[in-house]
Amino acid sequence: MLRLEKLVKTYKTGDQALKAVELNVPEGQVLALIGPSGAGKSTLIRCINRLVEPTSGRIYLGDVELTGLSQGNLRRERRRMGMIFQEYALVERLSVMENVLSGRLGYVGFWRSFLRRFPQKDVDEAFRLLDRVGLAHMADKRADELSGGQRQRVGICRALIQNPALLLVDEPTASLDPKTSRQIMRLICELCKERGLAAIINIHDVALAQMFVQRVIGLRFGAVEFDGPPDGLTPDVLTTIYGEEDWEATIAPVDEDEVEAAE
Amino acid sequence: MPVEEIKGQKIWQRRSGRESLAHWVMWLIGVAVFAYCWQQISASTTWFFVWDAPRIADDIWTRATPPRWEYITQLGKPIWDTLNIATLGTIFSLILAVPVAFLAAHNTTPSRFFIRPIALLIIVSTRSINSLIWALLLIAIIGPGVFAGVIAIAIRSIGFCAKLLYEAIEEIDQTQVEAITATGASRWQVMAYGIVPQILPAFAGIAVFRWDINIRESTVLGLVGAGGIGLQLSSSLNVLAWPQVSLILLVILAAVVISEWVSAKVRGAII
Amino acid sequence: MSELHTLIGKPWRKPSFIKRPWLRWALMLGFAAYLIAAYMTIDVNWSRVYEGLERGKKFILAFTSPDFTTRSSDIYAGMVESIIMTIASSVVGIAISIPIALGAARNIAPLPIYLICRSIIAISRALQEIIVAILLVAIFGFGPLAGFLTLSFATIGFLSKLLAEGIESMDKVQAEAIKASGARWTQWINYGVQPQVMPRLIGLSIYRLDINFRESAILGLVGAGGIGATLNTAFDRYEYDTAAAILMIIILIVMALEYLSGVIRARVQ
């Protein structure tokens, strides 16, 4: 459903962040993107919805080529890609409800959104999503009054209300404690399954990735080093991705029911 | 090289020889410049008047006290005008400053090499000219009165407000803007949802702060004929009615204190 | 789930900034009423304004052909006087501000001195330059001396207040360490306080130099010396090209000062 062909990104400084990345994500697949800092994980995700302009290569979402779309058409395609951010990236001075509804901005006109008069079905959907993540009672709180885990749930609602086909998830757990991290990962994976969404989850925590996803991509210096199921991540593989280190303690003893839950 | 060896002993000095020489030369130049300036001022001063100053000051003081309290009945309209000049001037200037600020901030400007310099030029030129000069100019163009005062205050405040506002725009959290962009929002929606909520508190603070300054400035605009209480001050000075002058000064002082108090209260409520 | 059923189908409105509806409406209506009242009391002579537009256009066009030459000697003399007043008053003002700022910082000054210094600052800040200038011209006669004194006086209020705030927010531990070494009061100020507030003092001084220059341009209007008198004459005679030339010089000097202050502030930090 998502296809990257020879995707290259070279920054103005001359750093080559992505070197001819090839990737194919079928419908409904949740995959994790791992790799050391600076491997180009964030760049890859941002190239897909063109928050970062790729230097060359092609990106297909379904049968639409995203690279080379005009601004207007790009906006229309961005609606099909929900994005979840590392530091939540909620608009802190807006209420929870406004943050969730901002996911519908691509569908409503300027004045309607400016006056906060969203269609009733959008409002209903927003309440349903907030209820799904357990935050319906918080709708009128300001986003900066929420805890980290709660904020990330709002971020998830904002991405899902777009009614996307694909979720782009950038380090969803980087600023959360271990327990909340697991809850958030579980929530994302459950929601993807419920709605049949594909997702690319960019994540630091290898053990957490193994716990929830069906497929892992390892990135090093902007090139794909590993592509396979989570239990294929042996110490040798991790050494090629991250470099020499004792990996035995990092790899989670694969928890049987967690895997079942994820699949 | 602050540590030197002299006769086999290490001597620490705060500055090396060359540094301390440069330091002394700078001080010398500074003192010379100041001495020259003072000499120039002194040359164009009639020192006889200066020696006579204590007597004159005492004379003015005895004439000015007590203030002519009953004159306050005639000050109602001028005070109202002063308030209007400040408030309407602030409102107009904010309406003009917002677009200028968006054009000047390097993360929102549509064109970095063409439009941004123009916006910055508007900011620096309106800011560097005092409102009294703007008032003089506007009186020459559209005639004396409150209206000239309003426009003078409005023009003068554009640069001040736009400068503070564009600094606030440049400091916003870019990831929030990115998040809104990623939803497929249009340029204007990104502005309304990603940028405006972030700068709204700064905007409110700037508005109240500038209103406070404008109250001060509008009290004296009348000196050049642009309406407000300064008009009464100027006419009282012209006929040397010192008791009225002292009353007007007290009223201005009260206005300044009250506006400062109001602006502190409002800013406290916003933030 | 029951909670959800109550929410679905209900329209959602953004909660208002002011929660109480009556207060919100009272404020909005009050403000609207004020605006209408203010508009009604300003009598604008629109035909006069319309006539003026022609002159306004002339003035703006004058910026394309400013006249530096016709009154060059007046402009030169006025500018030099403005600059001289600016420099002299900044030096004197800053020199006086430093002890007052020390006195107005609660963490180093005893209460009586603190109160005295704070009231000096309050008086200086409450009185505007132009009013002080009028009084000083009445007392000392016309000329740059009145302007110099005005600007020095205004500098004290501005600089002492901001410098005192800087001293009050300094790092206490550093100052205490110096005190602990047995330093005398002057040594303590010199080693414990001065290094911490020096960058701020330099930054503020340059900023004030900039303000003093801008203010010196208007003091001439009331006879306190500087370029203001020349500018006033130019406006009175409708010599827009000369006025444009003067304004351009002022803008250029202010820009240069701002640039300079940026460079110096970057260097001291």
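Residues numbered from 1 in each chain as written. Chains lettered and ligands numbered in written order. Predicted model: local features only at pLDDT ≥ 70, side-chain atom pairs only at ≥ 80, totals over all residues.

## A look at the overall build of chain B
Counting its regular elements, chain B contains 10 helices and two strands. Secondary structure elements of chain B, listed N to C terminal, follow the sequence β-β-α-α-α-α-α-α-α-α-α-α. When the backbone C-alpha atoms are referred to their principal axes, chain B occupies close to 75 × 65 × 40 Å. Across the 271 residues in chain B, those meeting the buried criterion constitute 41%. Partitioning the intrachain contacts of chain B with sequence separation of at least 6 by distance along the chain shows that 68% fall at a separation of at least 24. (Helix = DSSP H or I, 4+ residues; strand = E, 2+ residues; numbered from the N terminus. Buried ≥ 20, exposed ≤ 12 C-beta atoms within 10 Å, placed from the backbone. Contact = placed C-beta atoms within 7 Å.)

## Things to note about the sheet that holds strand E4 (residues 56-61) of chain A
Strand-to-strand pairing in sheets goes through backbone hydrogen bonds, with the strands running parallel or antiparallel. Residue and element names in this part refer to chain A. One open sheet accounts for four strands, arranged E2-E1-E4-E5; its pairing is antiparallel. The open sheet has two free edges, formed respectively by strand E2 (16-25) and strand E5 (64-65), since each of these has just one partner strand. Running at roughly 60° to E2, helix H1 (residues 41-48) makes contact with strand E1 (2-10), E2 and E4 of the sheet. (Pairing = 2+ DSSP bridges. Axes fitted to C-alpha atoms, helices over the stretch in contact; angles between N-to-C directions.)

## Considering the interface of chain B and chain A
Counting residues at the interface gives 19 residues for chain B, matched by 21 residues for chain A. Residue assignment for the side of chain B that touches chain A shows that the elements contributing at least two residues are helix H7 (174-182) and helix H8 (187-220) of chain B. Considering each element in turn, the side of chain B that touches chain A owes the most residues, eight residues, to H8 of chain B. Among the residues making up the side of chain B that touches chain A, the classes are represented as nine nonpolar, nine polar and one charged. (Nonpolar A, V, L, I, M, F, W, Y, C, P; charged D, E, K, R; others polar.)

## Quick notes on the pairing of E1 of chain A
Residue and element names in this part refer to chain A. Bridge analysis of E1 against E2 gives six bridges, and the strand direction is antiparallel. Bridged to Arg3 within E2 is Asn24. Linking two consecutive strands that pair antiparallel, namely E1 and E2, is a turn of five residues; a positive phi of about 100° is found at Gly14 within it. Sheet analysis places E1 next to E4, joined by five bridges and oriented antiparallel. Looking across to E4, one finds that Arg3 is bridged to Tyr60.

## Focus on the interface of chain C and chain B
Facing 42 residues of chain C, the contacting portion of chain B comprises 43 residues. Of all the secondary-structure elements, those providing two or more residues to the side of chain C that touches chain B are helix H2 (21-41), helix H3 (46-62), helix H4 (72-103), helix H6 (129-140), helix H7 (144-168), helix H9 (185-219), helix H10 (228-236) and helix H11 (240-268) of chain C. Residues belonging to the side of chain C that touches chain B are distributed by class as follows: 30 nonpolar, eight polar and four charged.

## What about the domain arrangement of chain B?
Each assigned domain of chain B is listed here: domain 1 (1-33) and domain 2 (73-270). Measuring from the centre of the C-alpha atoms in domain 1 of chain B to the corresponding centre in domain 2 of chain B gives 49 Å. (Domains from an automatic or database assignment.)

## Quick word on H7 of chain C
The end-to-end C-alpha separation of H7 of chain C is 36 Å, in line with the 36 Å expected for 25 residues at 1.5 Å each. In terms of residue burial, H7 of chain C counts as a mostly covered element, since 21 of its 25 residues are buried. (Expected span 1.5 Å × (residues − 1).)

## A short note on unusual backbone geometry
Each neighbour pair has its own omega, and for Thr65 of chain B with Pro66 of chain B the value is -10°, a cis peptide bond. Examined against the element boundaries, Pro66 of chain B turns out to sit in the loop between helix H2 (47-64) and helix H3 (76-104). Positive phi outside glycine occurs at Ala89 of chain A, with the angle close to 50°. Locating Ala89 of chain A in the fold gives a position in the loop between strand E6 (81-84) and helix H3 (96-101).

## Here we look at the nonpolar core
Within the largest apolar cluster, 215 residues are counted, with the highest numbers of intra-cluster contacts made by Ala199 of chain A together with Ala135 and Leu165 of chain B. For this core, the leading source of residues is helix H6 (residues 146-170) of chain B, giving 16 residues. (Core = buried A, V, L, I, M, F, W, Y, C linked by C-beta atoms within 7 Å.)

## Quick look at the sheet that holds strand E7 (residues 166-170) of chain A
All names here are of chain A. Spatial ordering of the open sheet is given by E6-E7-E8-E3-E9-E10, a layout of six strands whose pairing is mixed. In this open sheet, the two edge strands, each paired with only one partner strand, are E6 and strand E10 (223-228). Sheet twist, expressed as the mean angle between neighbouring strand axes with direction ignored, is 20°. Where strand E3 (residues 30-34) and strand E8 (residues 198-202) come together, four bridges link them in parallel fashion. The partner of Leu31 across the bridge, within E8, is Ile200.

## What to know about the packing of helix H5 (residues 131-142) of chain B against H3 of chain C
It is at 7 Å that the axes of H5 of chain B and H3 of chain C come closest, and there the two elements cross at 120°. As summarised for this structure, H5 of chain B and H3 of chain C are arranged oblique, according to the angle between their axes. Each of Leu137, Ala140, Ile141 and Ile142 of chain B in H5 of chain B lies in contact with H3 of chain C, whose residues at this interface are Arg48, Val49, Gly52, Arg55, Gly56 and Phe59 of chain C. In terms of residue class, the contact of H5 of chain B with H3 of chain C is built from six nonpolar, two polar and two charged. (Parallel < 35°, antiparallel > 145°, perpendicular 65-115°, else oblique.)

## A look at the environment of Asp227 of chain A
Take Asp227 of chain A: it is sitting in strand E10. Classification of Asp227 of chain A by C-beta neighbours within 10 Å gives partly exposed; the count is 14.

## Structural notes on the confidence of the model for chain C
The pLDDT averaged across chain C works out to 85; a share of 99% of its residues lies at or above 70. Here the predicted complex scores 0.83 on pTM and 0.85 on ipTM. (pLDDT = per-residue confidence, 0-100.)

## So, the packing of helix H9 (residues 229-238) of chain B against helix H10 (residues 242-270) of chain B
All names here are of chain B. Between H9 and H10, whose axes approach to 9 Å, the crossing angle comes to 155°. Between H9 and H10, the angle is such that the two are roughly antiparallel. For H9 against H10, the interelement crossing comes out left-handed. Residues Ile229, Gln232, Leu233, Ser236 and Leu237 of H9 lie in contact with H10, whose contacting residues are Gln244, Val245, Ile248, Val251 and Ile252. A per-class count over the contact of H9 with H10 returns seven nonpolar, three polar and no charged. (Left-handed = near helix turned anticlockwise from the far one by under 90°.)

## Concerning the environment of Phe34 of chain B
Locating Phe34 of chain B in the fold gives a position in helix H1 (residues 17-43). Judged by local crowding, Phe34 of chain B falls into the partly exposed class, with 17 C-beta atoms found within 10 Å. Separated by 62 residues in the primary sequence, Phe34 of chain B and Leu96 of chain B have C-alpha atoms spaced 41 Å apart. Excluding anything up to four places from it in sequence, Phe34 of chain B contacts Ile87, Ala88 and Val91 of chain C.

## Let's talk about the confidence of the model for chain B
Averaged over every residue, the pLDDT of chain B is 87; the share at 70 or more is 96%. When pLDDT is averaged over each helix and strand of chain B, the minimum, 62, is found for strand E1 (residues 3-6) of chain B and the maximum, 93, for H3 of chain B.

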